[in-house]
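As a plain string of letters, each chain reads:
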Amino acid sequence: MNKFCFIDSSGIIKQDRFFGTGLLIVKNVGDMGDKLSKNSQPAKQRVQQSKNEKIENLLSQGKKDEVIQILRNSTKFEMKFDTVRPSTQMYYERMIDVFLSDKDNRFSAMIIDKHKTGFNEKEIEDTWETYTKYAAVLIVKEMKNLPDDSLCIVVDEISRPRNKPLSLEDTLLSKVRTEILKDSTLNFDSIFGAFSIESHSNFLMQLSDLLLGAVMYDYKKRFDMVSPAMEKKKEILVKKLRDIFRVKTLAQDFTENTHAHFHVFERV
């Protein structure tokens, strides 16, 4: 069975305590994408309406410079964890519902805690190499759970440093091959493709970001790293996942298979 793997990351690897890699695996790509697209349309309209109202209010006060600043800072609409707000929360909750509606869907989050005993700081000296290595480790871990499936890797695009000869896709595939060579039961031919995309162009990549963001939020909350402002914006959404999976926190090693496969673990 052919499946598509959408891989995303969260955190700045050299600065933040926590760095996460998330992998969303989907069989019914068209159906999932269609449902997420339809869900995003009213959310986008609400955000645009709010923006227009703010601009109109500023113009009525003669604050043209502030309007110009808003227009200059405009970015393409995305439904990611960073953009969760109370005014559009229901649409993000529906994204979770879409994920849970198909038992063939899988999501895994691998969390790196740099404060953990034994963590080697030298491991993250090269951000490009570290990012692709962590992604490869997670992909191969899931390959072991899906021995009869073929996978296409879809990775969130990041800029390639000038001193790196290979593309993001080829770098990732090279590291996947290296990981596979450690296990004689795996076959590199199970990977039937790899390509990178910009997250704003794909709703499944945004879903991967949302699920990983929820896990990362709980890791930060566990260590009092969540501000009141962030908690106000994100807590209800994350609580939805906790309640569904019947856990007090997503910041722990656990696996849930009741609705769809959801797995969280810390890399040691």
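Quick notes on the rules
- By convention here, each chain's residues receive numbers from 1 onward along its written sequence.
- In keeping with the model being predicted, local features are shown solely for residues with a pLDDT of at least 70 and side-chain atom pairs are shown and tallied solely at 80 or more, while totals for entire chains, interfaces and linings include all residues.
- Note: side-chain values were computed over all heavy atoms of the structure, leaving out hydrogens and water.
- Between 30 and 60 degrees the pair is tilted, below 30 it is stacked and above 60 it is edge-to-face, where a pair is any two Phe, Tyr or Trp rings, Trp via its six-membered ring, whose centres lie within 6.5 Å.
- What counts as a helix is a DSSP run of H or I of at least four residues, what counts as a strand is a run of E of at least two, and both are numbered from the N terminus.
- Each residue gets one of three labels from its accessible area relative to the maximum for its type: buried under 20%, exposed over 50%, partly exposed in between, using a 1.4 Å probe on protein chains only.
- Think of it as a cone above the ring: NZ of Lys or CZ of Arg counts as a charge over the ring if it is within 6 Å of the ring centre and within 35 degrees of the ring normal.
- Note on pairing: DSSP must find at least two bridges between two strands before they are called paired.
- To obtain each axis, a line is fitted to C-alpha atoms, and for helices this fit is confined to the stretch in contact; angles are then taken between N-to-C directions over 0 to 180 degrees.
- For our purposes a nonpolar core is just a set of buried Ala, Val, Leu, Ile, Met, Phe, Trp, Tyr and Cys residues, chained together by side-chain atoms within 4.5 Å.
- Here, two residues are considered to be in contact whenever any of their heavy atoms come within 4.5 Å of each other.

**Notes on the packing of aromatic side chains**
Taken as a whole, this structure holds ten aromatic pairs when the rule is applied. Ring geometry for Phe-99 and Phe-262: centres 6.4 Å apart, planes at 70 degrees, overall edge-to-face. Highlighted residues: Phe-99 in helix α3 (residues 89-100) and Phe-262 in strand β7 (residues 261-266), separated in sequence by 163 residues. Residue Phe-99 is classed as buried on the basis of its relative accessible area, which comes to 0%. Look at Phe-262 and you get buried, because its relative accessible area is 0%. A connected cluster of aromatic rings, assembled from ring pairs, spans Phe-99, Phe-107, Phe-245, Phe-254 and Phe-262. Across from the ring centre of Phe-265, 4.7 Å away, lies the NZ or CZ of Lys-141, which sits over that ring.

**Brief notes about the sheet that holds β7**
Here we have seven strands laid out as an open sheet, ordered β5-β4-β1-β2-β3-β7-β6, and mixed in their pairing. The sheet terminates laterally at β5 (191-197) and β6 (254-256), the two strands that pair on one side only. Sheet twist, expressed as the average angle between the axes of neighbouring strands with direction ignored, equals 15 degrees. When strand β1 (residues 2-10) meets strand β2 (residues 18-26), the two strands line up antiparallel, connected through seven bridges. By the bridge assignment for β2, Ser-9 is matched with Thr-21.

**Brief notes about the nonpolar core**
Phe-99, Leu-250 and Phe-262 are the most contacted members of the largest nonpolar core, which totals 45 residues. Looking at this core, the elements that each hand over two or more residues are β2, α1 (29-60), α3, β3 (106-113), α6 (203-222), α7 (228-245) and β7. Here this core takes eleven residues from α6, the largest share from any one element. Beyond its immediate chain neighbours, meaning those up to four positions away, Phe-262 contacts Phe-99, Phe-107, Leu-211, Val-215, Phe-245, Phe-254, Thr-255 and Glu-256.

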